[in-house]
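Inside the fold
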Amino acid sequence: MKIGVFTVLFGGLPFEEALDKIAAAGVPCLEIGTANYPASQHCDTPKLLKDEGLRRKFMAAINSRNLELNTLSCHGNPLHPNRAFARAHDLGFRQTCDLASKLGVKKIVAFSGCPGDHPGAKYPNWVTCAWPPDYLKILDWQWEKVVIPYWKEAAAYAKKRGVTKIAFEMHPGFVVYNPETCLRLRNAVGPILGANLDPSHLFWQGMDIPSVIRELKGAIHHFHAKDCRIDPLNTGKNGVLDTKSYGDESKRSWIFRTVGYGHDALVWKDIVSNLIMAGYNDVLSIEHEDSLMSLDEGFLKGVDFLKSVVIGEKMGKMHWA
């Protein structure tokens, strides 16, 4: 198992300066944003698609530092009811697939997206309750008329370009936000779809991460190393659903934290151990969104913490005399 970083964290730095910082920290794997919400200054996807020399220079900067480009990320909402918005995010996804093909990358991280509640809607409608019955009618329409048809076609596009894994970040606000919804879409479309397991979004929903891992065995395509701290006082008053600004830390029910600052080492050791038992032995990609720490502090503390809990190569079966 290896440690990586989602480089959007260092989007304010020149590409090679960011790579130097990552290499100096002993982090070997890169996840680079290509389009849509995490569009990165490090990756001008349209230009890279057109210019082979630019692609060679891009990869030489990575390879010369003994780094590995493991994943491309294009989180977005190609199902948005605003057609211009949806087309832009669909284009970002498809261009990311095209770039993955040219760079030899097999894995893409994305959001599942969220439609509106009818063909003429203006905004997404994330359904989270079963009553009144209108909500279930909305949910049925979304999945049958929009979600499944779109991802069947999009997955076929990705396959033709050599992408073998589309990892959905299970994120509230989108139709895939927990193991059940992830597996529903995977079962409808095929095994190219799977989970980007980011515990931070699952902790505050009340999930037990080892249980999530076991439920998703065989369907975990990627992992974001990000933590979450639930404030018991604020949650006791208002519950976990919270629309206050992420910058209003003292009043929110929960906030994102660097790994180890939301849950202790034993929790994270259990997570890593369960990942290995579930057959995931790929990258733990640091995503730093801790508003209480600087970029460098959050990144370096996350690296040090993960180095203390990561397990290396899995041992073969033991035989006792």
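Residues numbered from 1 in each chain as written. Predicted model: local features only at pLDDT ≥ 70, side-chain atom pairs only at ≥ 80, totals over all residues. Heavy atoms only, no water.

Summing up its helical and strand segments, the protein chain has 11 helices and 10 strands in all. Against the compact-globule benchmark of 20 Å for 321 residues, the protein chain has a radius of gyration of 20 Å, which places it among compact chains. Projected onto its principal axes, the C-alpha positions of the protein chain cover 55 × 50 × 50 Å. Counting all 321 residues of the protein chain, 55% fall into the buried class. Contacts in the protein chain between residues far apart in sequence, at least 24 positions, make up 78% of those at least 6 positions apart. Counting only carbon and sulfur atoms, one obtains 54% of the accessible surface of the protein chain, whose full area is about 15,000 Å². (Helix = DSSP H or I, 4+ residues; strand = E, 2+ residues; numbered from the N terminus. Rg over C-alpha atoms; globule rule 2.2 N^0.38 Å. Buried < 20%, exposed > 50% of the residue type's maximum accessible area, 1.4 Å probe, protein only. Contact = heavy atoms within 4.5 Å. Areas by Shrake-Rupley, 256 points an atom, 1.4 Å probe, with all protein chains shown as cover.)

One pass over the structure, following the stated rule, counts 14 aromatic pairs. Plain terms: the ring middles of Y37 and F111 are 6.4 Å apart, the flat faces sit at 55° to each other, and that makes the pair tilted. Of this pair, Y37 sits in the loop between β2 (29-33) and α2 (45-50) while F111 is found in the loop between β4 (107-110) and α5 (134-160), placing the two residues 74 residues apart along the sequence. Given a relative accessible area of 47%, Y37 falls into the partly exposed group. Residue classification places F111 among the buried residues on the basis of a relative accessible area of 10%. Measuring from centroid to centroid gives 5.4 Å for F93 and W151, while their planes differ by 85°, and the two rings are edge-to-face. (Phe/Tyr/Trp six-rings, centres within 6.5 Å; stacked < 30°, edge-to-face > 60°.)

Bringing the sheet that holds strand β7 (residues 220-225) into the picture now. Read around the closed barrel, 8 strands run β1-β2-β3-β4-β5-β6-β7-β10, paired in parallel fashion. Within this sheet the neighbouring strands show an average axis-to-axis angle of 30°, counted without direction. Of the strand pairs in this sheet, strand β1 (residues 2-6) and strand β10 (residues 283-286) are connected by 4 bridges, and their pairing is parallel. Bridge pairing in β10 links V5 to I286. Helix-sheet contacts for helix α3 (residues 52-63) involve β2 and β3 (68-73), and the interaxial angle to β3 is about 125°. (Pairing = 2+ DSSP bridges. Axes fitted to C-alpha atoms, helices over the stretch in contact; angles between N-to-C directions.)

A few words on the pattern of salt bridges. Scanning the model with the defined rule gives 17 salt bridges in all. Across the pair E68 and K2 runs a salt bridge whose closest N-O atoms are separated by 3.0 Å. Remark: K2 occurs in strand β1 and E68 occurs in strand β3; sequence separation between them is 66 residues. Residue class for E68 comes out partly exposed when judged on its relative accessible area of 31%. The shortest N-O distance in the salt bridge between D296 and K21 comes to 3.4 Å. (Salt bridge = Lys/Arg side-chain N within 4 Å of Asp/Glu carboxyl O.)

Let us now look at the packing of α5 against helix α6 (residues 179-189). Remark: α5 packs on α6, axes separated minimally by 9 Å, with the N-to-C direction vectors making an angle of 60°. Looking at the two axes, α5 sits oblique to α6. Both α5 and α6 take part in a crossing whose hand is right-handed. In this structure, α5 contributes W143, E144, V147, I148, W151, K152 and A155 to the contact, and α6 contributes T181, R184, L185, A188 and V189. (Parallel < 35°, antiparallel > 145°, perpendicular 65-115°, else oblique. Left-handed = near helix turned anticlockwise from the far one by under 90°.)

Between helix α4 (residues 83-103) and α5, the shortest axis-to-axis distance is 9 Å and the interhelical angle comes to 25°. By the angle between their axes, α4 is roughly parallel relative to α5. Only Y150, W151, E153, A154, Y157 and A158 of α5 make contact with α4, whose side of the interface consists of D90, F93, R94, C97 and D98. Taken together, the residues of the contact of α4 with α5 sort by class into 7 nonpolar, no polar and 4 charged. (Nonpolar A, V, L, I, M, F, W, Y, C, P; charged D, E, K, R; others polar.)

To continue, consider unusual backbone geometry. The omega angle of the peptide bond from W131 to P132 is 0°, so this bond is cis rather than trans. Take P132: it is sitting in the loop between β4 and α5. Even without being glycine, N36 reaches a positive phi, approximately 65°. Mapped onto the elements of the fold, N36 is located in the loop between β2 and α2. The phi angle at N66 is positive, at roughly 55°, despite the residue not being glycine. Within the secondary structure, N66 is located in the loop between α3 and β3.

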